[in-house]
Amino acid sequence: MTIRKIITVLSAAALLFTAGCSFSDYKNNKDTESIPSCTKELFAMDTYMTVTAYGENSEKAVSEALTEIQRLDSLLSTGKKDSEISILNKTGKANLSEDSRYLMDKADYIFSSTGGAFDITVYPLMTLWGFQGGEPSLPEDKQIKEVLTLIGQDRIKYNDSEIILGNGQGIDFGGIAKGYTGDRIMKIFEKNDIVSGIISLGGNVQCYGKKTDGSLWRCGITDPDNPEDKSSLIGTVEVSDKSVVTSGGYERFFKDENSGVTYHHIMDPSTGYSADNGLLSVTIVSSDGTLADGLSTACFVMGEDKAIEFWRQHSSEFDMILINDKREITVTQGISQNFTSDRIWNVES
Ligand code: ADP
Ligand code: MG
């Protein structure tokens, strides 16, 4: 099993934003000379995270952000056996926290608007494939077909306070939790009068305002062929007050020894196998971090044509950068002016 999750696509952005807002940079700027800043790192939700804030309360804001990350990790992680979600998956019943309820509704919106491409009920499928801890391996087709009968968020019963699962069903917020955590941190920044901030939660980068010198944050898009080489980016996108989230099949995968086929951790709920439709990565840019995270997974599952069709209907909610297996890059119109690359790219309008 190869896990390339630690510093992934948008963690490359972390390098860029670090380089772009070094201490000397903003010290040279008279207006922002006296702005205190704070950066802290931690490992949570199975990945490395960095939180940076500028402002009088930066230290307090960053420390509150770290506490919030840990709180949400303990609540939402399927890897922690005492989390709300793990208890739900074990017992089939749970009282919903406000956070889980919000995520259920958001996931439901993404599930229904993407025709089920995003589906938090993939949990038993993730378990069958061995992506929930342990060594992943190719299950028998018969087993996959059996588990598929359990999948579908429309088959889950929940109301404002309670959720009830059928036998064998389970919830996995892994495709949306980091995005939600980012949104919560943005609220913490706001409450603490932060003037500028940026966070990198594994593959998710979220920026608060602009850089202290007034310019946009620059986020790097990893080359899916060289995910670990931060000097080999596909391009960069410049944004403010946005979440930039990438899903790619190169993040967690294994090769089946018998067939030589590679499988990864993003499931196509319509087949029960990992999504395989010619896309190497999808980056979503949106002011809603939870939506961006869910849609990066969903659009990756949908494939290029359907993802573009979906964007046309929802272009006020997000923009995206698609990279397919022919190494063609497609950028949607809303961010085409903010995207830079050495390579040729298409603009979708
Ligand atoms: P990552 O979390 O690796 O950055 P994603 O945001 O795309 O990447 O989320 C992938 C995770 O989402 C998987 O590890 C799994 O927990 C969950 N997942 C996999 N397939 C789906 C799907 N079709 N819909 C919703 N969640 C999914
Ligand atoms: Mg996602």
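Please refer to the structure placed before this passage.
Fair warning: this is a prediction, and the values are worked out from it, not measured in the lab.

Draft legend 1. Focus on the site of ligand 1. Taken together, 19 residues lie near ligand 1, and Asp172, Ser247, Glu251, His265 and Met267 sit nearest. Side-chain polar atom of Ser247 to an oxygen atom of ligand 1: 2.6 Å apart, as the coordinates give it. Within the contact set of ligand 1, an oxygen atom lies 2.8 Å away from a side-chain nitrogen or oxygen of Thr297. Coverage of ligand 1 by the protein amounts to 97% of the 570 Å² it exposes when considered alone. By residue number, the principal contributor to the shell around ligand 1 is helix 9 (residues 289-302), which donates three residues. Residues lining the shell around ligand 1 come from more than one domain, with at least three contributed by each of domain 1 (2-77 + 176-348) and domain 2 (84-175).

Draft legend 2. Representation of the coordination of the magnesium ion (ligand 2) in the model. Binding of the magnesium ion (ligand 2) to the protein goes through Gly175 (O), Asp293 (O), Asp293 (OD) and Thr297 (OG1), at separations of 2.2 to 2.6 Å. All donor residues of the magnesium ion (ligand 2) come from one chain, and their arrangement in sequence is G-x117-D-x3-T. Of this pair, Gly175 sits in the loop between strand 6 (162-164) and helix 8 (177-191) while Thr297 sits in helix 9; the two residues are 122 residues apart in sequence, bridging distant segments of the chain. Comparing Gly175 with Thr297, the two get one shared label, buried.

Draft legend 3. View of the packing of aromatic side chains. As enumerated under the stated definition, the model contains 10 aromatic pairs in all. Relative to Tyr48, the ring of Phe43 lies with its centre 4.9 Å away and its plane at 70°, an arrangement referred to as edge-to-face. Centre to centre, the rings of Phe339 and Trp345 are 5.0 Å apart; their planes meet at 85°, and the pair counts as edge-to-face. Of the residues examined, Phe339 reaches a relative accessible area of 4% and is grouped as buried. With relative accessibility at 27%, the residue Trp345 sits in the partly exposed group. Taken together, the ring pairs in this structure connect Trp129, Phe131, Phe254, Tyr263 and Tyr273 into an aromatic cluster.

Draft legend 4. Inspection of unusual backbone geometry at higher detail. Even without a glycine there, the phi angle at Met45 is positive, about 50°. Mapping Met45 onto the fold places it in the loop between strand 2 (37-44) and strand 3 (47-54). Relative accessible area serves as the criterion here: at 13%, Met45 is assigned to the buried category. Phi at Arg327 takes a positive value of approximately 65°, unusual for a residue other than glycine. By the element assignment, Arg327 lies in the loop between strand 15 (319-324) and strand 16 (329-332). On the basis of relative accessibility, which here comes to 38%, the residue Arg327 falls in the partly exposed class.

Draft legend 5. How the structure looks around the environment of Thr67. Relative to the elements of secondary structure, Thr67 occurs in helix 3 (residues 58-76). Residue Thr67 is classed as exposed on the basis of its relative accessible area, which comes to 51%. Sequence-wise, Thr67 and Ser161 are 94 residues apart; in three dimensions their C-alpha atoms are separated by 25 Å.

Draft legend 6. A look at the packing of helix 8 against helix 9. At a closest axis distance of 7 Å, the pairing of helix 8 and helix 9 adopts a crossing angle of 165°. Judged on the interaxial angle alone, helix 9 and helix 8 are roughly antiparallel. When you trace helix 8 past helix 9, the crossing you get is right-handed. From helix 8, Ala177, Lys178, Gly179, Tyr180 and Asp183 reach across to helix 9, where they touch Gly289, Thr290 and Asp293.

About the criteria used
- Residues numbered from 1 in each chain as written.
- Chains lettered and ligands numbered in written order.
- Predicted model: local features only at pLDDT ≥ 70, side-chain atom pairs only at ≥ 80, totals over all residues.
- Heavy atoms only, no water.
- Near = heavy atom within 4 Å.
- Polar contact = N/O pair within 3.5 Å; in protein donor to acceptor, adjacent residues only side chain to side chain.
- Areas by Shrake-Rupley, 256 points an atom, 1.4 Å probe, with all protein chains shown as cover.
- Helix = DSSP H or I, 4+ residues; strand = E, 2+ residues; numbered from the N terminus.
- Domains from an automatic or database assignment.
- Donors = N, O, S within 2.8 Å, 3.2 Å for Na, K, Ca; no water.
- Buried < 20%, exposed > 50% of the residue type's maximum accessible area, 1.4 Å probe, protein only.
- Phe/Tyr/Trp six-rings, centres within 6.5 Å; stacked < 30°, edge-to-face > 60°.
- Axes fitted to C-alpha atoms, helices over the stretch in contact; angles between N-to-C directions.
- Parallel < 35°, antiparallel > 145°, perpendicular 65-115°, else oblique.
- Left-handed = near helix turned anticlockwise from the far one by under 90°.
- Contact = heavy atoms within 4.5 Å.

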